[in-house]
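Structure at a glance
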Amino acid sequence: MSRLSQRPEKPVVGLPLPHESAGLHVTGTALYTDDLVHRTKDVLHAYPVQVMKAHGRITALRTAPALAVPGVVRVLTGADVPGVNDAGMKHDEPLFPDEVMFHGHAVAWVLGETLEAARLGAAAVEVELDELPSLVTLQDAIAADSFHGARPVMVAGDVDAGFADSAHVFTGELQFSDQEHFYLETHAALALVDEAGQVFVQSSTQHPSETQEIVAHVLGLPSHEVTVQCLRMGGGFGGKEMQPHGFAAVAALGARLTGRPVRLRLNRTQDLTMSGKRHGFHAAWKIGFDAEGRIQALDATLTADGGWSLDLSEPVVARAMCHIDNTYWIPHARVTGRIARTNKVSNTAFRGFGGPQGMLVIEDIMGRCAPLLGLDPTELRERNFYRPGQGQTTPYGQPVTHAERISTVWGQVKEDAGIAGRRREIAAFNATHPNTKRALAITGIKFGISFNLTAFNQGGALVLIYKDGSVLINHGGTEMGQGLHTKMLQVAATTLGIPLHKVRLAPTRTDKVPNTSATAASSGADLNGAAVKNACEQLRARLLEVAATRLGANASDVRIVEGVARVLGSAEELGWDDLVRTAYFQRVQLSAAGFYRTEGLHWDAKTFRGSPFKYFSYGAAATEVEVDGFTGAYRIRRVDIVHDVGDSLSPMIDIGQVEGGFVQGAGWLTLEDLRWDTGDGPDRGRLLTQAASTYKLPSFSEMPEEFHVTLLENATEEGAVYGSKAVGEPPLMLAFSVREALREAAAAFGPAGVSVELASPATPEAVYWAVEAARTAGARERAGGRARDGIGNPADTDAPLHA
């Protein structure tokens, strides 16, 4: 076992500990960015001047009326920017635009003594606009050939030959919705300037180093004159990876110009109308199967709704393409990706980062094609799993390590959930309930872990030991509620061999650990944990030398366990506090900078070939649902999950992440339905679902009545910190089992073998129409017709799917 994955005696990692801030969370004493305003003197409040048109060129911007409003101090416009007027890394997101690109685009910001003064001032700003045509929907953009960014193509094998060898070929389309992050804490920043002109920004950001970089280039400053700190976030889910930068820059610009602290916090409606979502996608596909139901070829085009600017759309599409195979071997594949440019908010990272969109396509295909092939969906999926020892690679050429875990987690879920017996019970229930149907579906996941951009796969840490033996950790990861800090405390305590209470973790700051990557791609614990471990190993090595001198032994024979240094085979010992004090008087350095870079990655974005992922995470979920045939309303009766997190660093945290990820995925697939005004009236492009009253989020009522989560045992991941695996994103895709169960329940209202198309999100309305389609197929069959003719015969090549 490698040094990175090997665990020492009596490790603190692996213990089921609560979140390090759990007490603060539940008592309301945890501080977030906006809470710091009340501890800051003479704060100004920023409010956006939003233009409520989808597209247009600004012909006049008059700020004088705002300055006449009592309490208004200043109006920030593009003329005030001393550096680069841009908030994005692609330089396509002007901070103060002269062209409105979406309904609600902020073109100026008002600073006021109070938030109300700033609001009234923003309302007084006069903006004249030369309106331009707008593209609101994905279909609008595709029809207008409106695209931006790269158009990658991924090719494996010989696609034409694969289709020629296929016994069954089907084609189809799928369009699925965006998703709002709806983090509890909206975007927020608080900026101050000290007596030397140094800028300090408190920001709710997943990427402090990039926030620092954007703030610096807007202000025309070098990065060392800007410090960004993230105390904690009230949720992020990817929405705070790129999009906080502009808000932080506005606050910093205001602070530089006025000499006073500036606070910017979006209210919920502003956050919903100004910040990006998960990319909605359209997929057009063609798939071929052999006579046994094994995939032979896939040809697909994935089109993402990027919104008005690129943001992270290119890597999101790349990851979607890399995950279209999910757990299935596809010997011949051609997948094309493209990004539609629409007049909507710029869509961005969201938990899974394109992976869910790619995987949904293949899972939808399997669910729709199984009945047409005369196979149970579970059997069709099993026949197409990656198999160990077969030399199978992904369509982009990466070998699938630990492929046996696909079948392992699948088999364990089937056993734990009692699938066979429950399906017999469901069949009996459905036979006696004509207006209510149940179904049980099982789906699996294979999710690659690492940033697609190789350079981001690095982490840093700074660990300090004080004379009294207490330890302070700084690392480059941010805490958004996911428990990263808890894991880092456990890693540090384990590596140093001391009790957990000896270790404290400092807020994430760019002046402690520089050039960090975003806390994203499920890589936070991998990168930062390995960096913390590296720093602690340096310190431990120094302290072992000191202990060896005091105990009269070789350093290689000394162990530090539970805060005591002992020599192997000897009763002599030295307490941690005494050891540290001795090291100080011997002038031994008691601080260390740790670093880690993920090895073995390579990726060619032009050829779309390589090994972009360190490893794959696996999981399987079985979900039982019940559907009302009159309304399409449904409930989730039971969920069983087995998920692979390697050797868990913190099991309680990981189980919570699996549960939360699953529920968020179920929300995306079944409830959360973003709607825009697509008419030609004055409100064209307006987001209609601007609040929790109109945008349905998962709540307690949507939780499964029974929810069982098991972490895969004996699953050490060689080459990862203490044998663990990422947990943040992969569980979200386990929710495919909910959608597939709803599909099967809707199909149960029709004849055996009916293929049901199901919209996404599969709202009760969508499920109702799927039920009606199944019933219609049944009526046609009873009338002597058939819902499908000759499906499965070679002569039906290229037959489109019909519900």
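Residues numbered from 1 in each chain as written. Predicted model: local features only at pLDDT ≥ 70, side-chain atom pairs only at ≥ 80, totals over all residues. Heavy atoms only, no water.

1. Considerations on helix H18 (residues 736-747)
Applied cut-off: Numbering of helices and strands runs from the N terminus, with a helix taken as a DSSP run of H or I at least four residues long and a strand as a DSSP run of E at least two residues long. Residue count minus one, scaled by 1.5 Å, sets the expected span of a helix. The buried label goes to any residue with under 20% of its type's maximum accessible area, the exposed label to any with over 50%, and the partly exposed label to all in between, with areas taken from a 1.4 Å probe on protein chains only.
Across its 12 residues, H18 extends 17 Å between first and last C-alpha, which sits within 8% of the 16 Å expected from 1.5 Å per residue. Of all 12 residues that make up H18, 12 are buried, and the element is covered over most of its length. Within H18, the full set of buried residues consists of Phe736, Ser737, Val738, Arg739, Glu740, Ala741, Leu742, Arg743, Glu744, Ala745, Ala746 and Ala747.

2. Description of the pattern of salt bridges
This is how it is decided: Salt bridges, as used here, are contacts in which a Lys or Arg side-chain nitrogen is within 4 Å of a carboxyl oxygen on Asp or Glu.
All told, the structure shown has 53 salt bridges when counted by the stated rule. Its salt-bridge partner being arginine 260, residue glutamate 113 comes within 2.8 Å of it at the nearest N-O pair. Of the two residues, glutamate 113 is situated in the loop between strand S5 (105-112) and helix H3 (115-124) and arginine 260 in the loop between helix H7 (244-258) and strand S12 (262-265); the sequence distance between them amounts to 147 residues. The class for glutamate 113 is partly exposed, based on a relative accessible area of 36%. On the accessibility criterion, arginine 260 (21% relative accessible area) is partly exposed. A salt bridge links arginine 635 to glutamate 626; the nearest nitrogen and oxygen atoms lie 3.4 Å apart. Using a relative accessible area of 34% as the deciding quantity, one classes arginine 635 as partly exposed.

3. Notes on the environment of proline 388
Structurally, proline 388 can be placed in the loop between helix H11 (377-383) and helix H12 (404-416). It is 46 Å that separates the C-alpha atoms of proline 388 and aspartate 511, two residues lying 123 residues apart in sequence.

4. Remarks on the sheet that holds strand S24 (residues 591-597)
As a reminder of what qualifies: In short, DSSP must find at least two bridges between two strands for them to pair. With axes taken as lines fitted to C-alpha atoms, and helix axes fitted only over the stretch in contact, angles between N-to-C directions fall between 0 and 180 degrees.
On the basis of which strands lie adjacent, the open sheet formed by four strands has the order S19-S18-S17-S24 and mixed pairing. Of all strands in the sheet, those bounded by a partner on one side alone are strand S19 (503-505) and S24. Looking at each pair of strands side by side, their axes are set apart by 20° on average, direction ignored. For strand S18 (residues 471-475) and S19, the ladder comprises three bridges, and the chain directions are parallel. Looking at S19, one finds that isoleucine 473 is bridged to leucine 505.

5. What to know about the nonpolar core
Here is the rule we go by: Take the buried residues of types Ala, Val, Leu, Ile, Met, Phe, Trp, Tyr and Cys, join any two whose side-chain atoms come within 4.5 Å, and each joined set is a nonpolar core. In what follows, a contact means two residues having at least one pair of non-hydrogen atoms within 4.5 Å.
If you look at the biggest cluster of nonpolar residues, it comprises 111 residues, and the most contacted ones within it are Trp285, Ile287, Phe289, Leu302, Ile641, Phe662 and Leu742. If one sorts the elements of this core by residue count, helix H10 (residues 355-372) sits on top with nine residues. Excluding anything up to four places from it in sequence, isoleucine 641 contacts Val413, Ala620, Ala621, Val658, Phe662, Phe707, His708, Val709, Thr710 and Leu734.

6. Describing the packing of helix H17 (residues 651-670) against H18
Note the following rule: Roughly parallel means an angle under 35 degrees; roughly antiparallel, over 145; roughly perpendicular, 65 to 115; everything else is oblique. As a working rule, the residues Ala, Val, Leu, Ile, Met, Phe, Trp, Tyr, Cys and Pro are called nonpolar, Asp, Glu, Lys and Arg charged, and the rest polar, with Gly in that last group.
Their axes nearest at 8 Å, the elements H17 and H18 cross at an angle of 45°. As the angle between them shows, H17 and H18 are arranged oblique. Across the interface between the two elements, Phe662, Ala666, Trp668, Leu669 and Thr670 of H17 pack against Phe736, Ser737, Val738, Arg739 and Leu742 of H18. The residue makeup of the contact of H17 with H18, split by class, is seven nonpolar, two polar and one charged.

None of the figures reported here should be taken as evidence of function without further support.
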